[in-house]
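# Geometric and topological summary
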Amino acid sequence: MKRISCTHCGSSEYQRNGSSQGIQRYICKRCTRCFSNNVPKFSREVREKALQMYLNNVGIRKIALFLGASPAGVLKWIRKAGQELSERLQQAAGQVEQQLPDVIEMDEIYTYVQKNGNGQSSGLLILDNKVALLRLK
Ligand SMILES: [Zn+2]
């Protein structure tokens, strides 16, 4: 079930283009740039599962064991997700500002989430666009 897509433009139309150090190379038919088979070892679902487990206070090592990943890898996913989350939150806050000036502050979003979550760590999972949208209504 490997689906390869161009790492540059996301197109799934490509041709084989030789190999480099044993790794199959492909050339994209749309943007004509080269890429290699970079399908991640773990699917997005697995990485999200890791994040969910982490937010439910499962230790990194247990998550790694459960999912057959390395603790370092799990930690990397979590850090990346945290980064993405804070970026999305900033975007959401920007949208909120555009639509409802002076009504909502970043601090208010944090407070709201923490009050309604089961502690700070599970609150993080809700720190998403959804939270901001909820507040917009
Ligand atoms: Zn491409």
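Now for a look at the structure at hand. (Residues numbered from 1 in each chain as written. Predicted model: local features only at pLDDT ≥ 70, side-chain atom pairs only at ≥ 80, totals over all residues. Heavy atoms only, no water.)

Here we take up the nonpolar core. Generally speaking, nonpolar side chains in soluble globular proteins are found buried as a group. A50, I63, V74 and W77 are the most contacted members of the largest nonpolar core, which totals 14 residues. Those elements that provide at least two residues to this core are α1 (44-55), α2 (60-67) and α3 (71-99). Grouped together as the second largest cluster of nonpolar side chains are five residues, I4, C6, C28 and F35 included. (Core = buried A, V, L, I, M, F, W, Y, C linked by side-chain atoms within 4.5 Å. Buried < 20%, exposed > 50% of the residue type's maximum accessible area, 1.4 Å probe, protein only. Helix = DSSP H or I, 4+ residues; strand = E, 2+ residues; numbered from the N terminus.)

What follows covers the coordination of the zinc ion. Within the protein, the zinc ion binds to C6 (SG), C9 (SG), C28 (SG) and C31 (SG); these donor distances fall in the range 2.3 Å. Here the zinc ion binds four donor atoms, and the angle range of 105 to 116° at the metal identifies the geometry as tetrahedral. Counting gaps between the donor residues of the zinc ion yields the pattern C-x2-C-x18-C-x2-C. Of the two residues, C9 is situated in the segment before β1 (14-20) and C28 in strand β2 (residues 23-28); the sequence distance between them amounts to 19 residues. Classification of C9 as partly exposed rests on a relative accessible area of 29%. (Donors = N, O, S within 2.8 Å, 3.2 Å for Na, K, Ca; no water. Tetrahedral: all angles 85-135°; square planar, octahedral: opposite > 155°, others 65-115°.)

A separate point is the environment of Y54. Position of Y54 among the secondary structure elements: in helix α1. The exposure class of Y54 is partly exposed, given its relative accessible area of 34%. Taking C-alpha positions, Y54 is 7.9 Å from I78, a pair spaced 24 residues apart along the chain. Setting aside residues up to four positions removed in sequence, Y54 forms contacts with I60, I63 and I78. (Contact = heavy atoms within 4.5 Å.)

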